[in-house]
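Structural characterization, general
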Amino acid sequence: MEANMVGLPKHEKNIASSFLRQGRSNRAHTGGVTDDTELGRKILATHESNERGFYVKPVLAVIGVIFNRASEDIFKFTQGSITQWDIAVTDEKVVDLPTRVISAISLEIYSKCSAGVDVHTIVLDVLQLVKHYSWEVKVLLVLVTLMITFGKFRLVVQNYTTNPLPKAIAILKQLPEILEHLHDLKPTLDALFALIGEIIDTTNKLVEFYDLPEIIAVDANVPTVVYWTIRSIVVASTQMFSLTGSLPIDLLTESWELSSLAHKLNNIKRLHLVELLERCLTIMQEKRDEEAFRELERIFTTPHLDNTRALSTLFHYKDGQPALYDCYLKRKVATEELSNKTVALFITDMNLNLQRGQEYKILERIYQQKKHSPMKMDSHYEIVWVPIVDNWDEDKLILFETLRNQMEWHSIDHHSVVSTVVRRYIKEKWNFNKKPILVVIDKQGAVVHHDATNMICIWGNTAYPFTINREKLLWEEMRWSIDLLIDNLEPNLNAWIQEGRHICLYGGEDMEWIRDFTIAAKKVARDAGISLEMVYVGKSQIKERVVSTIIDTIHKEKLSRTLDRDHINYFWLRLMRMLESKRQLAKFENTTHDHILEGITVILSYDSSDYTKGRWAVMSKDIGHMVRSKGTHMLKALTEHRLWIPRQQEIGFVPALDEYLKDHVQPHEPHHCTSLVLPSTGALPDVMKCCDCGRLMETYTLFRCCLE
């Protein structure tokens, strides 16, 4: 390589040696300017205006083509192999560059490098040439000069062994020896290409930053980024001048110095530009999200002709593809297809046990009823499953497909149709928190119920169109009676009521009490000359093996009728949903003398209290007067039947039993310890009165984990 220095005048050799020393010793700092504030002041002093500029994206595309093709394995190209980068260069009509400025920059860098001027001074002189251009364009113009030299070198390297013209140029520029020793220069070339790649990436980030629509003033750190990017270009240019014979080959910098400069530029880019860009993008995204959130609020508080606008805002692909999916017909569905229907959004988390939940089973049952009677008025609705998951992974995607394939209603087509803003809206405005909810949107796109699950569990399709007003009307039609409690869970109920029979529902898990109570009740019925039907309804939160054993024992000993296990679970779910429904409506109306709410609360208290061990019973004659009591009290009253037979003959069996409980059994109870366990995801009351004494109950937090 010394041959490259042969023939140089003595003063040129000294200049080359000086620049080489400067390149190796002074590249890491700013030519004597060590104070960042002073450096920033000098850089800003070179900037006069942003009046000149051009569309930079096509230029970046061309630079990308040059770099990607030119930085391919350079050693393979010396053997004439063809590049894999088959990319069309941007139309020259689109790329409109100030060629005189580019030529001036190239000449400035070359002449100053040849004269041994320090890099810092060269950078400031170059900045004077581009003082009327915006910051990102300054860098781009200087980068263009480097890429032209870089591309020329690459063309010569690729073709000089196979094409006479590049070979002749190489000979005149004294390149054959360099080309023959390319393998020896591999570490330097690799480091150089890495540095140029870092320069291009930093330039792209600058362009991206200034492409933001809301940039008002330049950030204080941007001039520093511009300075170090141009400084890196100058250093890279000296390497290219040396490789192309314009400067002595001895000016090539050590590979570790180039790597160090690339590392420094990367750090400056990351600290001063990437983080700034990310902050700007985050702020802009937050602003867009907030605007989208307000738009959702406006849409759901504004009357519409149909629900298309509301549904398409909630669920959409960016390319306008159908966002919903018919799980039964296995096809995509546009939101417009639901415009003439009430839409119930079944919003859940992604849970493997979703289908085992009672709410899911109830929803499945009423949907089957809807499908079998499509012309009925209460069938004009559609259910759409909307799983809300913040972080989707492969397992959740597989579970989503698995669950969806087992459904018959509609669902979202893909999780991406539910945006982050919509997820936030569902959580904040519709109070979704993992527990399944059923948000109802009517045909005009208004939310008529934020959670109709209670209505569905209590009344099924009779609750259509699932509005809060419909819920109020249904409760107005109800009275505290045996048929409200058990509904259609006992198929013989209507016949018993028509025949005027006495009906008893009882619960608990104490088999000894169950045996004593049922035997005593049957004896009293015989003595009183009444027909009595008894139904065991189990206990909430009871383990399956326990309730199975109790049911089997009751049937084996023929103590009474029982609900099956599924109906027992539904009985208690429905009772809890009644309480939640009443509590929700209590926010809008006075429930001081609500006998239904009082009765539900009492039974749930009996079931929850350790003191009663879940033992309780109610008795009624058809749908008339109903008496309720703890299991021990009811058993005591029955065993003392002979004491109130006269009153029974006067006022009837059920009123006499109620009177005896209140006057002779309950007042003599030495103490009581009543509790009521409510799920934390429901509508929790602020205060609760004891069903035994009327005092305000204390509030505790219970954590429970029950596994079979």
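Let me sum up the structure you'll find in this document. Note that this is a predicted model, so its numbers are computed, not measured.

Digging into the pairing of strand β4 (residues 381-387)
A large share of β4 lies buried, amounting to seven of its seven residues. Burial along β4 is two-sided: the residues Y381, I383, W385 and P387 and E382, V384 and V386 are all buried. Relative to β4, strand β3 (residues 342-348) runs parallel, the two being bridged by seven bridges. Bridged to I347 within β4 is V386. In this sheet, strand β5 (residues 410-412) lies alongside β4 in parallel orientation, the contact comprising two bridges.

Quick word on the environment of L563
Inspection of the secondary structure assignment puts L563 in the loop between β10 (561-562) and α23 (565-585). You can call L563 buried: its relative accessible area is 2%. With 77 residues separating them in the primary sequence, L563 and I486 have C-alpha atoms 9.9 Å apart. For L563, the contacting residues outside a window of four places in its chain are I486, L489, E490, V535, Y536, V537, I551, I568 and F571.

Considering the pattern of salt bridges
Under the criterion given, the structure shown has 36 salt bridges. A salt bridge links R424 to E290; its shortest N-O distance comes to 3.2 Å. Of the two residues, R424 sits in helix α16 (residues 420-429) while E290 sits in helix α12 (residues 255-299), which places them 134 residues apart along the sequence. On the basis of relative accessible area, E290 is assigned to the partly exposed category, the value being 28%. Via salt bridges that share partners, E290, R294, E297, R424, E428 and K429 belong to a single interconnected network.

Considering helix α24 (residues 595-608)
Its 14 residues give α24 an end-to-end C-alpha distance of 20 Å, which sits within 8% of 20 Å, the value for a rise of 1.5 Å per residue. With 12 of its 14 residues buried, α24 lies for the most part within the structure. Three or more residues of α24 are buried, namely I596, L597, G599, I600, T601, V602, I603, L604, S605, Y606, D607 and S608. Buried residues in α24 make contact with α18 (468-476), α19 (482-486), α23, β11 (616-621) and β12 (626-630). With a side-chain oxygen lying 3.1 Å from the backbone nitrogen of I596, the N-terminal cap of α24 falls on D594.

Reading guide: rules and limits
Residue indices follow the written sequence of each chain, beginning from 1 at its first position. Whole-chain, interface and lining totals are the exception, using all residues; otherwise, since this is a predicted model, local features are given only for residues with pLDDT of at least 70 and side-chain atom pairs are given and counted only at 80 or more. With hydrogens and water set aside, each side-chain value is computed from the structure's full complement of heavy atoms. Between buried and exposed lies partly exposed: a residue is buried under 20% and exposed over 50% of the maximum accessible area for its type, with that area taken using a 1.4 Å probe on protein chains only. A run of H or I in DSSP counts as a helix once it spans at least four residues, and a run of E counts as a strand once it spans at least two, with each numbered from the N terminus. In this analysis, strands are considered paired if DSSP registers two or more bridges between them. Working rule for contacts: check all heavy atoms of both residues, and any pair within 4.5 Å makes them a contact. What counts as a salt bridge is simple: a side-chain nitrogen of Lys or Arg found within 4 Å of a carboxyl oxygen of Asp or Glu. By definition here, a helix of n residues has an expected span of 1.5 Å times n minus one. Between N or O atoms, a polar contact is any pair within 3.5 Å; within protein, one atom must be a potential hydrogen donor and the other a potential acceptor, and residues adjacent in sequence are included only when both atoms are from side chains.

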